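Structure at a glance
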Amino acid sequence: MHTINQNVASLLRSVSAALLIKKESRFRIVAYDKAADAIEQMAQDIKALWKEGKLDDVPGVGESIRAHLDEYFKTGKVKHFEHTFKGIPAATFTLMHVPGIGPIRAYKLATTFHLENPKTAVRDLKKVAEEGKIAELESFGSKSQTLIMESLDRFIASEQSPSRMLMPYAAELADRVIAHLKKHKSVGTCDVLGSLRRGVPTIGDIDIACIVPEDQIAAVIKHFTEFPGLLKVDNAGGKKASIILPPRIRVDLRLESDNGYGAMLQYFTGSKAHNIKLREYAIGKGYSLSEWGIKKVEDRGPLAKGDEHKIMRFNTEEAFYGFLKMKVPPPELREGTNEIELALKDNLPNLIKLTDIKGDLHVHSDYDLKPSHDRGAHTFQEMSDRARALKYEYIGFSEHNPKQSGHTASQIVDIMKRRQEYIHKHVKGLPYFIGLEVDILPSGEIALPEKAIDYVDYLIVSVHSSFTQSKEQMTKRVKTALLYPKVRIFGHPTGRLLMKREGIDLNWDVIFDICKKRDIALEVNSSADRLDLPDTLVREGLKNGLRFAIDTDSHALEHMDTMKYGVSVARRGWCEKKDIVNALPLASLKKWIHAV
Ligand code: DGT
Ligand code: CA
Ligand code: CA
Ligand code: ZN
């Protein structure tokens, strides 16, 4: 996404809003919205296209808007737009972005309460709301005032905490930056640090470190600031630099020669909580820690010139932690719980690895069983072949259940029977299991006639609707579903969508209890925006003796490569190989599948 595209799109949306407020023709309003969408979603830079005289190529942008854009890029403003905005307080265009307000109400609020300053409009309106004045307005009322206040609070909070990105997205971007860095001949080892190295599901900024000889550091920093497409260089100097990539992603780079790399890696991997606890422990032993290394406490205080020799430097993290007489805690565990204690006792868990995974039990093929949700894009055989290429021992097919509306129970049974026959007849090469992902209906019943269960090896049950039931209702609902025959996996258990939808509220003790009794695996879903079960609940489940299935929930072949993200969630939840059902060899997995 390009910032310039974002700015132009936002300008066009303001025009559309102004037209709406002025009750202009519906047709024109829609034209501006459409153009804004098109420009926002374009891969190319709109201004660059204009420079090349190619604005005509942009679909969704009609002739008159094109002429306005031409004027905009030439002069920085558009006469027609300024005319359109006349009489509408600028604060309107800020307030309309608060969810639940919209252009018409924003205009009414801005004019009634004389809100002028677009920069302070949100806070100004909050004050008005707190004084109870919105409730008094015609067509608002007190309920509406409460909702607006909540929206304003959330809006203010989201502005204060700069937006985060999904971990897999950050990981791919970091790979690209590292590939660029490695084009420089003096760049040696590179590592990601910070939250990305720890596998946190959402990432604030990307941190990268490289080993570079002392006399090449300036040259490598310059090379870094030439990363194609960056928006700006934030600061560059000494041994570090930051760049901002579109849409607004910060990448911090730190360079260090061999000597000292280990200490730096340790410090900037974090987390802050881990580092604080580690420092406390070290102080007790008479040492102080820093990004440069370790020194004796009597030497504490700012280093005087010539004192540098007092710092002990470490090339590797093994040497750094080793000096403190402990094992290296895997980055995913460095959250300041009890990892330091266990590292000291050489009692850290041997965490699950991607190479331990022997199969994927949640993939959606393109087989048409008239499903309730999306079909996949590839055939059973294609997915099976991909699983083989990934060195798996087995695969589990799990399309969504056939839609209930429009089908009788016996039709559904028939569809399921034909699918089973089809798979047995056509899929070759790798052992498979026939599964199905079944909706848990609001009542707790599953969206599949009992007779149809005969035609599967196992069921994944998932909540896909009615997310707002009370905790009590939801717990009862899931509990009911987990008691059906052949249920082996509870799919994406919280239903959360990262940065979009909170997870459902469940009484986990009850759910863990049933899963334990029936040896049902909780899913760790690898989809970038799910990473569900969340790592903290994985660890809770583990303490309750549960096992997990790390699944990709693939709807296309390329999704099958995302297993690593689920593995990193399981690692953050302290899982070992024995805790993961799809790390079992075929014979043991078969036993588990057919256990109920
Ligand atoms: P993020 O970027 O919000 O997803 O989270 P992190 O953990 O990557 O945080 P970031 O980028 O601010 O800093 C990277 C690491 O550097 C952090 O995990 C710990 C270390 N660090 C940074 N600033 C401080 C600090 O002021 N004190 C301590 N103890 N450690 C810090
Ligand atoms: Ca970071
Ligand atoms: Ca950072
Ligand atoms: Zn699902």
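Residues numbered from 1 in each chain as written. Chains lettered and ligands numbered in written order. Predicted model: local features only at pLDDT ≥ 70, side-chain atom pairs only at ≥ 80, totals over all residues. Heavy atoms only, no water.

1. Thoughts on empty space enclosed by the protein
Under the definition given, this model contains one cavity of 30 Å³ or more. If you add up the space inside the largest cavity, you get close to 50 Å³. What lines the largest cavity is Gln266, Tyr267, Asn275, Leu278, Arg279, Leu289, Ser290 and Phe320. Looking at the lining of the largest cavity, the elements with two or more residues in it are α13 (261–269) and α14 (272–284). Broken down by element, the residue count for the lining of the largest cavity peaks at three residues, all from α14. Among the residues forming the lining of the largest cavity, the class breakdown is four nonpolar, three polar and one charged. (1 Å grid on protein atoms, 1.4 Å probe; cavity = no way out; pocket = protein on both sides within 12 Å on 5 of 7 lines; lining within 4 Å. Points joined across faces, edges and corners; volume = space filled by probe spheres on them. Helix = DSSP H or I, 4+ residues; strand = E, 2+ residues; numbered from the N terminus. Nonpolar A, V, L, I, M, F, W, Y, C, P; charged D, E, K, R; others polar.)

2. Brief notes about the nonpolar core
Core analysis: the biggest nonpolar cluster contains 98 residues, and Ile206, Ile208, Leu448 and Leu482 have the highest contact counts within it. For this core, the element with the most residues is helix α10 (residues 167–182), which contributes eight residues. Among the domains, domain 2 (165–256) and domain 4 (354–593) are the pair contributing at least three residues each to this core. Contact partners of Leu482, with chain neighbours within four places excluded, come to Val461, Val487, Phe490, Ile511, Ile514, Cys515, Arg518 and Ile520. The next biggest cluster of nonpolar side chains, apart from the first, holds 51 residues, and it includes Ala36, Leu95, Leu115 and Leu152. (Core = buried A, V, L, I, M, F, W, Y, C linked by side-chain atoms within 4.5 Å. Buried < 20%, exposed > 50% of the residue type's maximum accessible area, 1.4 Å probe, protein only. Domains from an automatic or database assignment. Contact = heavy atoms within 4.5 Å.)

3. Digging into the coordination of the calcium ion (ligand 3)
Distances from the calcium ion (ligand 3) to its protein donors, Asp205 (OD), Asp205 (OD), Asp207 (OD) and Asp252 (OD), fall at 2.3 to 2.7 Å. For the calcium ion (ligand 3), the single-chain donor residues occur in sequence as D-x1-D-x44-D. Between the two metals, the calcium ion (ligand 3) and the calcium ion (ligand 2), the spacing is 3.7 Å, and Asp205 donates to both. Residue Asp205 is located in the loop between β3 (202–203) and β4 (206–211), and its partner Asp252 is located in strand β7 (residues 249–256); the two are separated by 47 residues in the primary sequence. A residue is classified by how much of its surface remains accessible, and Asp252, at 11% relative accessible area, is buried. (Donors = N, O, S within 2.8 Å, 3.2 Å for Na, K, Ca; no water.)

4. Regarding the coordination of the calcium ion (ligand 2)
The protein atoms that coordinate the calcium ion (ligand 2) are Asp205 (O), Asp205 (OD) and Asp207 (OD), at distances spanning 2.2 to 2.6 Å. Here the calcium ion (ligand 2) is ringed by six donor atoms whose angles at the metal span 69 to 167 degrees, and the overall shape comes out irregular. (Tetrahedral: all angles 85-135°; square planar, octahedral: opposite > 155°, others 65-115°.)

5. Side note on the sheet that holds strand β12 (residues 432–434)
Strand order in the open sheet formed by three strands is β10-β11-β12, and the pairing between neighbours is parallel. Each edge of the sheet is formed by a strand with only one pairing partner; in this case those strands are β10 (359–363) and β12. On average, adjacent strands in this sheet sit at an angle of 15 degrees to one another, irrespective of strand direction. With three bridges joining them, strand β11 (residues 394–397) and β12 adopt parallel strand pairing. (Pairing = 2+ DSSP bridges. Axes fitted to C-alpha atoms, helices over the stretch in contact; angles between N-to-C directions.)

6. Examining the environment of Asn544
Tracing the backbone through its elements, the reader meets Asn544 in the loop between α21 (535–543) and β17 (548–551). Asn544 gets classed as partly exposed once you look at its relative accessible area, which sits at 34%. Each C-alpha atom of the pair Asn544 and Cys515 lies 9.8 Å from the other, and the pair is 29 residues apart in sequence. Those residues within four positions of Asn544 in sequence are excluded, and the remaining contacts are Phe512 and Lys516.

7. Things to note about the domain arrangement of the chain
Put simply, an interface is often sized by how much accessible area is lost when its parts join up. Taken domain by domain, the chain consists of domain 1 (3–159), domain 2 (165–256), domain 3 (273–344) and domain 4 (354–593). Distance from the C-alpha centre of domain 3 to the C-alpha centre of domain 4: 43 Å. Taken together, the contact pairs eight residues of domain 3 with five residues of domain 4. The contact between domain 3 and domain 4 buries some 590 Å² in all, and 53% of this surface belongs to carbon and sulfur atoms. For domain 3, the biggest contributors to the area lost against domain 4 are Glu332, Leu333 and Glu335; these three give 69% of the whole. Note that Glu332 is salt-bridged to Arg571, the shortest N-O span being 2.8 Å. The interface formed by domain 3 and domain 4 contains four residue pairs in polar contact (both at pLDDT 80 or more). When the residues that make up the side of domain 3 that touches domain 4 are grouped by side-chain class, the tally is three nonpolar, two polar and three charged. (Buried area = accessible area lost by both parts, 1.4 Å probe. Salt bridge = Lys/Arg side-chain N within 4 Å of Asp/Glu carboxyl O. Polar contact = N/O pair within 3.5 Å; in protein donor to acceptor, adjacent residues only side chain to side chain.)

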